[in-house]
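So the chains spell out like this:
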Amino acid sequence: MRRRAAGLSIEQVAVALGGRVHLRHLRALETPGLRLRQIVDLSPVMAFSADVYRQLADLPAHQHPSLCIGCGWDAHTDQPDRHDGLTTWSRDRPGHCTRCEQQAAA
Ligand SMILES: [Zn+2]
């Protein structure tokens, strides 16, 4: 969800990380049910928190962190919004972040 929100393909993320050698890892990362012990640092390429990934993979659903239903952003990940600020929860669109709110208004 984060990768799609960033407008990137798996191949583009792999290239940005240093090459196609990352393709297999990235595909595994997005495979439901697979749990990876080590996760490549995706933060130089897109908003991503390995801690949140682990919470989603390892904890029961009622303990999952809240994610934006539009882009998957979580409150533990700093992400620029579209107006030179940091993304936070929208006051007007429940379940959405301000970045998604701003995109919908544009
Ligand atoms: Zn969002």
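Computed from a prediction, not measured in an experiment: that's the story for all the values here. (Residues numbered from 1 in each chain as written. Predicted model: local features only at pLDDT ≥ 70, side-chain atom pairs only at ≥ 80, totals over all residues. Heavy atoms only, no water.)

Considering the domain arrangement of the protein
- When its domains are assigned, the protein resolves into domain 1 (1-64) and domain 2 (66-106).
- Spacing between the C-alpha centres of domain 1 and domain 2 amounts to 19 Å.
- Each side of the interface is counted separately: domain 1 has nine residues, and domain 2 has twelve residues.
- Carbon and sulfur atoms make up 59% of the area that domain 1 and domain 2 hide from each other, which totals about 750 Å².
- Counting the surface domain 1 buries against domain 2, the share from its top three residues, Met 1, Arg 2 and Ala 47, is 55%.
- Residue Arg 2 is joined to Asp 74 by a salt bridge in which the shortest nitrogen-to-oxygen separation is 2.2 Å.
- One can count two residue pairs in polar contact (both at pLDDT 80 or more) joining domain 1 with domain 2.
- Elements with a contribution of two residues or more to the side of domain 1 that touches domain 2: helix H1 (2-5) and helix H4 (50-58).
- In terms of residue class, the side of domain 1 that touches domain 2 is built from six nonpolar, two polar and one charged. (Domains from an automatic or database assignment. Contact = heavy atoms within 4.5 Å. Buried area = accessible area lost by both parts, 1.4 Å probe. Salt bridge = Lys/Arg side-chain N within 4 Å of Asp/Glu carboxyl O. Polar contact = N/O pair within 3.5 Å; in protein donor to acceptor, adjacent residues only side chain to side chain. Helix = DSSP H or I, 4+ residues; strand = E, 2+ residues; numbered from the N terminus. Nonpolar A, V, L, I, M, F, W, Y, C, P; charged D, E, K, R; others polar.)

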